[in-house]
Amino acid sequence: MIFRDRSTEEWILLSISGLGAISILPFSVLRLIEEEWLLAALDSFAVVAMASIFLYVYLTGRAVLMAHLLSLICLLVLVVTVSLKGAAQTYWTYPAVLVVFFLLRPALALASVLLVIAALTTLLVGEMPPLIFAAFLLSVLATIGFTAIFAWRTRAHKEQLLRLATKDPLTGAGNRRAMEEKLLECLHSYQRTPLPMSLILLDLDNFKAVNDKFGHEEGDRILKAVTRCIQQRLRRIDQLYRFGGEEFVVITENTSLREAGLLAEALRQEVADASAELNAVTISLGVAQYHPGETGYEWLGRADRCMYQAKGQGRNSLCICNQPDQATERYKDLGSPTK
Ligand SMILES: Nc1nc2c(ncn2[C@@H]2O[C@H](COP(=O)(O)OP(=O)(O)OP(=O)(O)O)[C@@H](O)[C@H]2O)c(=O)[nH]1
């Protein structure tokens, strides 16, 4: 199936480029029959370009660059058609506006279509009767306005849904679902390019006692403060996830065990230094580098084993996993993420 297992972006690109090529093809044939060579060449160019984009996205799944290219082709073909054929071709402006808002970010789409409208205005201003030109311009601007509002609303809605699906509501760190997706992504990218990557599993020490002593609300405040503290110290390439309860995971790509160990020590120190704000809460950490062939949860399990060793050393401590070994029992039964 063409659309099976495709991202929304691929789905939109395949639909627009496929439909575009099919709907312009008859015009291209008509122009050839009527011997309008320039327009026939232009329409044929549009058909071939759209069909090529369709094939490229279908075969590679790469959509971002093609979305920009397809928008450019649509707007270019529109301007050239109007410059060749004049006012009779202006009705193509409406679908072109819709296509560009479908394909690009709203701000970029708005800037691009306004630029094209400016170009069309200079081409048409003396060509059309003033009233008809004014009606064309106003109706196009209204279409752009409504489409822009709709595009911005849809984008805001999508971002909100993404936040709800991937962020932990209390701390704002990534949630467990996002962590599992990231682990899978890391494993796939490791199969393509085996660069070292490591993860840090960290757990708040004696947190039950904090809850019991100061109450759950204060416990929540401390969880948020620890998250902030860790996030401030992380690099841009590191991702923080709340794995559950008072347990967090940092996934560090392109990072060796030694570098991840240094980062873990910096995190431990950062939290220990903020003890006044955190009611003396500390963290224990386990660090593991990915070993080829293991699943995401086996990797996580080794870091977990180390984290428990750090707890055994008296807490506020870290332990680094040097050897591939068995995951702890609690990770063995977790089926996903796999290889
Ligand atoms: N306030 C608050 N507490 C939580 C939350 N999630 C988990 N906890 C608490 O975290 C505590 C975890 O306790 P334990 O697993 O016994 O671990 P611990 O007391 O931190 O002891 P060690 O891990 O051995 O250092 C429990 O009391 C949970 O109720 C949360 O979202 N908010």
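Because the structure is predicted, anything quoted here is derived from the model rather than measured. (Residues numbered from 1 in each chain as written. Predicted model: local features only at pLDDT ≥ 70, side-chain atom pairs only at ≥ 80, totals over all residues. Heavy atoms only, no water.)

Novice: Looking at this structure, how should I read the UniProt feature "transmembrane region" (unreviewed entry) in the protein chain?
Specialist: Under the UniProt annotation, "transmembrane region" (unreviewed entry) lies at residues 12–30, 37–59, 65–84, 96–125 and 131–152. Along residues 37–59 one finds 100% helix and 0% strand; the C-alpha atoms at either end are 32 Å apart. Secondary structure within residues 96–125 divides into 90% helix and 0% strand; the distance between the first and last C-alpha atoms comes to 20 Å. (UniProt positions renumbered as here; feature names shortened; annotations may be inferred. Helix = DSSP H or I, 4+ residues; strand = E, 2+ residues; numbered from the N terminus.)

Novice: I would appreciate a short explanation of the pairing of strand β2 (residues 238–244) in the present structure.
Specialist: Consecutive side chains along a regular strand alternate between the two faces of the sheet. Summarising burial for β2: five of the seven residues are buried, a large majority. Bridge count between β2 and strand β3 (residues 247–252): six bridges; the pairing is antiparallel. The residue of β3 that forms the bridge with leucine 240 is valine 250. Between the antiparallel neighbours β2 and β3 lie two residues, among them glycine 245 with a positive phi of about 40°. (Buried < 20%, exposed > 50% of the residue type's maximum accessible area, 1.4 Å probe, protein only. Pairing = 2+ DSSP bridges.)

Novice: Just to check I follow, could you spell out unusual backbone geometry for this structure?
Specialist: We note that alanine 280 has phi near 65°; this positive angle belongs to a residue other than glycine. Tracing the chain through its elements places alanine 280 in the loop between α10 (257–273) and β4 (283–289).

Novice: Help me understand the domain arrangement of the protein chain in this model?
Specialist: Where the parts come together, the accessible area they lose is often given as the size of the interface. The domain boundaries assigned to the protein chain delineate domain 1 (8–166) and domain 2 (176–332). The distance between the C-alpha centroids of domain 1 and domain 2 comes to 48 Å. (Domains from an automatic or database assignment.)

Novice: Sorry, what's going on with the site of the ligand here?
Specialist: In the vicinity of the ligand there are 17 residues, among which Phe207, Asn211, Asp220, Arg242 and Arg315 approach most closely. Separating an oxygen atom of the ligand from a backbone N or O atom of asparagine 206 is a distance of 2.8 Å. About the coverage of the ligand: the protein hides 68% of its 670 Å² of free accessible area. Counting residues per element, the ones that place at least two in the shell around the ligand are β1 (198–204), α8 (207–214) and α9 (216–233). Residue composition of the shell around the ligand, by class: four nonpolar, five polar and eight charged. (Near = heavy atom within 4 Å. Polar contact = N/O pair within 3.5 Å; in protein donor to acceptor, adjacent residues only side chain to side chain. Areas by Shrake-Rupley, 256 points an atom, 1.4 Å probe, with all protein chains shown as cover. Nonpolar A, V, L, I, M, F, W, Y, C, P; charged D, E, K, R; others polar.)

Novice: Please clarify how the environment of leucine 115 should be interpreted in this entry.
Specialist: Relative to the assigned elements, leucine 115 resides in helix α5 (residues 106–124). Taking relative accessible area as the criterion, leucine 115 reaches 63% and is therefore assigned exposed. Placed 40 residues apart in sequence, leucine 115 and leucine 75 show a C-alpha to C-alpha distance of 9.8 Å.

Novice: How should the environment of glycine 286 be read in this particular structure?
Specialist: Turning to its location among the elements, glycine 286 is positioned in strand β4. On the basis of relative accessibility, which here comes to 0%, the residue glycine 286 falls in the buried class. Sequence separation between glycine 286 and alanine 310 is 24 residues, and the spatial gap between their C-alpha atoms is 7.0 Å. When sequence neighbours within four positions are dropped, the list of residues in contact with glycine 286 reads Leu199, Ile200, Leu201, Ala303, Cys306, Met307 and Cys319. (Contact = heavy atoms within 4.5 Å.)

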